[in-house]
Amino acid sequence: MSFDPQDYISIEHELGAHNYKPLDVVLSRGEGVWLWDTDGNKYLDCLAAYSAVNQGHCHPKIRDAMIAQSQKLTLTSRAFRNDQLAPFYEELCALTNSHKVLPMNSGAEAVESAVKVVRKWGYEVKGVAENRAEIIVCSENFHGRTLAIVGFSTDPSARRGFGPFAPGFKVVPFGDADAMRAAITDNTVAVLIEPIQGEAGVVIPPDGYLRAVRELCSDNNVVFILDEIQTGLGRTGKLLAEEHESVEADLTLIGKALSGGFYPVSAVLSNSEVLGVLQPGEHGSTFGGNPLACAIARAALKVLVEEGMIENAEKMGARFQSALKGLRSNIVKEVRGRGLMIAVELQAEAGGARHYCEALKDRGILCKETHIDTIRIAPPLVITQGEVDWAMEQFSAVLTQTRH
Ligand SMILES: *Cc1c(COP(=O)(O)O)cnc(C)c1O
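About the cut-offs
- Residues numbered from 1 in each chain as written.
- Predicted model: local features only at pLDDT ≥ 70, side-chain atom pairs only at ≥ 80, totals over all residues.
- Heavy atoms only, no water.
- Core = buried A, V, L, I, M, F, W, Y, C linked by side-chain atoms within 4.5 Å.
- Buried < 20%, exposed > 50% of the residue type's maximum accessible area, 1.4 Å probe, protein only.
- Contact = heavy atoms within 4.5 Å.
- Near = heavy atom within 4 Å.
- Polar contact = N/O pair within 3.5 Å; in protein donor to acceptor, adjacent residues only side chain to side chain.
- Areas by Shrake-Rupley, 256 points an atom, 1.4 Å probe, with all protein chains shown as cover.
- Nonpolar A, V, L, I, M, F, W, Y, C, P; charged D, E, K, R; others polar.
- Axes fitted to C-alpha atoms, helices over the stretch in contact; angles between N-to-C directions.
- Helix = DSSP H or I, 4+ residues; strand = E, 2+ residues; numbered from the N terminus.
- Parallel < 35°, antiparallel > 145°, perpendicular 65-115°, else oblique.
- Left-handed = near helix turned anticlockwise from the far one by under 90°.
- 1 Å grid on protein atoms, 1.4 Å probe; cavity = no way out; pocket = protein on both sides within 12 Å on 5 of 7 lines; lining within 4 Å.
- Points joined across faces, edges and corners; volume = space filled by probe spheres on them.
- Pairing = 2+ DSSP bridges.
- Domains from an automatic or database assignment.
- Buried area = accessible area lost by both parts, 1.4 Å probe.
- Salt bridge = Lys/Arg side-chain N within 4 Å of Asp/Glu carboxyl O.
- Patch = residues over 30% accessible without salt bridge, like charges linked within 9 Å, V, L, I, M, F, W, Y side chains within 5 Å.
- Phe/Tyr/Trp six-rings, centres within 6.5 Å; stacked < 30°, edge-to-face > 60°.

1. Things to note about the nonpolar core
Here is step 1 of the chain: Ranked by size, the top nonpolar core spans 65 residues in total, and within it L258, F320, L324, I375, I377, F395 and L399 carry the most contacts.
Here is step 2 of the chain: Once you skip the residues sitting within four places of it in the chain, L258 turns out to touch F88, L92, L233, V265, S266, A267, A297, A300 and L301.
Here is step 3 of the chain: Core analysis: the second largest hydrophobic core is formed by 29 residues, A110, F169, L253 and L275 among them.

Here's what the structure looks like:
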């Protein structure tokens, strides 16, 4: 049976739930920063699967590790031990300066796990009265799609129709340390924030915000949880985005690029006693910490560091951002970013970012709009100077053309 691109699109439309609105490009191959569609057209990937393929598509060393492990052992469940989990823990803790790891699969699961753990910590260690634990989150947050998580989202399309929601969350404006201070009570067990809000449109908090939140948490015996699922593992030009303000969270959540895009692998990293409250039988996951996941994640972390991808993200990010800021365009409102986590926000009169993403696609660049007016640019961290410059020619052509 042979499909043409329109067949794939119409079959997806007919048989699939319509919870996404993808660009109409049907991809069948990827290598490094490049993707090819079923007609053989080549594109530079400027989304990197929402930063899950920081290491580039189909990285040969991660692929080799995956194939080798899949020929030996893939899943034991945690009812038994496997020979990949301990080295994964050791390498991940050494790299991130963590004391304990809880391995899970998706990012949302890591967030849910952290929520459960800090509540239990609140009751058993901090002494909060039963069922009174509060967690402070920020407006415009994105932490995943499960029920507890969408319950504290402020995005109507993430929430509407899905209630009733779990209580115990308080929302304060992102970037406002005073509002955070005012929201903390004796029942506050944790603060959960993104160091940079990715899905909200690469929103960078004011300088000193992370440090201020760190201080508030320390002063009030509150667990500081940083969701680095998107910002972590090199994306912002540092291993973790918290390093930009020289702070350390108590719990750090990672996922996405932890597997280089080969497999869902996430983790809760702990610098404190918090993960210690979990006892056998209280939390788990059939696939969490399986040997295939661990072998893939070990290779994904190794190439990220050994091949200089984090430094490259910093260098190429600076080059990309300064070129974008230099564009003489009457539709660009603002260019902002850290490393290779970049946003181009368009003027409201530009008529939305979607149209520009379509135009970029026709020029061989795959980008996705976030919200209405923002184009996010987040290529794999292996992008070269020549590729950045080529991409800039396309952005320049699309963003400086006369208005439609
Ligand atoms: C993607 C993302 C998640 C959710 O990860 P999934 O693997 O899609 O469940 C959580 N937090 C942040 C900041 C993310 O970018």
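2. Remarks on the site of the ligand
Here is step 1 of the chain: In the vicinity of the ligand, the contacting residues are S106, G107, A108, F142, H143, G144, E194, D227, I229, Q230 and K256.
Here is step 2 of the chain: At 2.8 Å, a backbone N or O of G107 approaches an oxygen atom of the ligand.
Here is step 3 of the chain: One of the backbone N or O atoms of A108 is found 2.8 Å from an oxygen atom in the ligand.
Here is step 4 of the chain: Alone, the ligand offers 380 Å² of accessible surface; in the complex the protein occludes 80% of this.
Here is step 5 of the chain: For the shell around the ligand, the class distribution of residues is 3 nonpolar, 5 polar and 3 charged.

3. Some thoughts on the packing of helix α3 (residues 60-70) against helix α10 (residues 291-306)
For any two helices packed against each other, the geometry comes down to the angle between their axes and how far apart the axes lie.
Here is step 1 of the chain: In contact at an axis separation of 9 Å, α3 and α10 are set at 160° when each is read in the N-to-C sense. One element, α3, and the other, α10, form an angle in the roughly antiparallel class. In the crossing of α3 with α10, the sense of the turn from one axis to the other is right-handed. Between α3 and α10, the residues in contact are K61, I62, A65, M66, Q69 and S70 and P291, L292, A295, I296, A299, A300 and V303, respectively.
Here is step 2 of the chain: Residue composition of the contact of α3 with α10, grouped by class: 10 nonpolar, 2 polar and 1 charged.

4. Remarks on empty space enclosed by the protein
Here is step 1 of the chain: One pass over the structure, following the stated rule, counts 1 cavity of 30 Å³ or more.
Here is step 2 of the chain: Contributing to the lining of the largest cavity are P195, I196, P205, P206, D207, L210, A241, H244, E245 and R338.
Here is step 3 of the chain: Within the lining of the largest cavity, the residues separate by chemical class into 6 nonpolar, 1 polar and 3 charged.

5. Here's the deal with the sheet that holds strand β2 (residues 34-37)
Where strands meet in a sheet, backbone hydrogen bonds hold them as pairs that are either parallel or antiparallel.
Here is step 1 of the chain: The strand order across the open sheet built from 4 strands is β1-β2-β3-β13, with neighbouring strands paired in mixed fashion. Edge positions in the open sheet fall to β1 (27-31) and β13 (365-366), since each of these has one partner strand only.

6. Description of the side chain of E345
Here is step 1 of the chain: Mapped onto the elements of the fold, E345 is located in strand β12 (residues 341-346).
Here is step 2 of the chain: Classification of E345 as buried rests on a relative accessible area of 18%.
Here is step 3 of the chain: A polar contact is formed between the side chain of E345 and the side chain of R336, at a distance of 2.8 Å.
Here is step 4 of the chain: If sequence neighbours within four positions are ignored, E345 has contacts with I331, V332, K333, E334, R336, D373 and T374.

7. Structural notes on unusual backbone geometry
Here is step 1 of the chain: Residue P164 is reached from G163 by a cis peptide bond, and omega for that bond is 0°.
Here is step 2 of the chain: Summarising the element assignment, P164 is placed in the loop between α7 (156-159) and β6 (169-172).
Here is step 3 of the chain: Residues other than glycine seldom take positive phi values, yet N97 does so here, at roughly 65°.
Here is step 4 of the chain: Of note, H371 is a non-glycine position whose phi angle comes to about 50°, a positive value.
Here is step 5 of the chain: For H371, the position within the fold is in the loop between β14 (368-370) and β15 (374-377).

8. What about the domain arrangement of the protein?
Here is step 1 of the chain: When cut into domains, the protein gives domain 1 (5-55 + 308-399) and domain 2 (60-306).
Here is step 2 of the chain: Taken residue by residue, the interface counts 28 residues in domain 1 and 29 residues in domain 2.
Here is step 3 of the chain: Each partner contributes to the roughly 2400 Å² buried at the junction of domain 1 and domain 2, and carbon and sulfur atoms together form 56% of this total.
Here is step 4 of the chain: Remark: the boundary between domain 1 and domain 2 carries 1 salt bridge.
Here is step 5 of the chain: Residue E199 is joined to R376 by a salt bridge in which the shortest nitrogen-to-oxygen separation is 2.8 Å.
Here is step 6 of the chain: Where domain 1 packs against domain 2, one counts 17 residue pairs in polar contact (both at pLDDT 80 or more).
Here is step 7 of the chain: Contributing elements (two or more residues each) for the side of domain 1 that touches domain 2: α2 (48-51), α11 (309-325), β11 (332-338), β12 and β15.
Here is step 8 of the chain: No other element matches the 4 residues that α11 contributes to the side of domain 1 that touches domain 2.
Here is step 9 of the chain: Looking at side-chain class alone, the side of domain 1 that touches domain 2 contains 15 nonpolar, 9 polar and 4 charged residues.

9. A few points about a nonpolar patch on the surface
Here is step 1 of the chain: A contiguous nonpolar patch, built from F3, I11 and L15 and spanning about 280 Å² of accessible area, is present on the exposed surface.
Here is step 2 of the chain: Of note, F3 is situated in the segment before α1 (5-15).

10. Digging into the pairing of strand β10 (residues 266-270)
Here is step 1 of the chain: Of all 5 residues in β10, 5 are buried, a share of seventy percent or more.
Here is step 2 of the chain: Residues of β10 alternate between two faces, with S266, V268 and S270 on one and A267 and L269 on the opposite face, all of them buried.
Here is step 3 of the chain: When strand β4 (residues 100-104) meets β10, the two strands line up antiparallel, connected through 5 bridges. Of the residues in β10, the one forming a bridge with K100 is S270.

11. A short note on the packing of aromatic side chains
Here is step 1 of the chain: Following the criterion strictly, the structure yields 6 aromatic pairs and no others.
Here is step 2 of the chain: Aromatic side chains W34 and W390 sit 5.7 Å apart centroid to centroid with 55° between the ring planes, which places their arrangement in the tilted category. Pair noted here: W34 is in strand β2 and W390 is in helix α13 (residues 385-399), with a separation of 356 residues, a long-range link.
Here is step 3 of the chain: Residue W34 is classed as buried on the basis of its relative accessible area, which comes to 16%.
Here is step 4 of the chain: Take W390: its relative accessible area is 29%, and that puts it in the partly exposed class.
Here is step 5 of the chain: Pairing F88 with Y89 gives two aromatic rings, centres 6.3 Å apart and planes at 35°, and the pair type is tilted.
Here is step 6 of the chain: On the basis of relative accessibility, which here comes to 1%, the residue F88 falls in the buried class.

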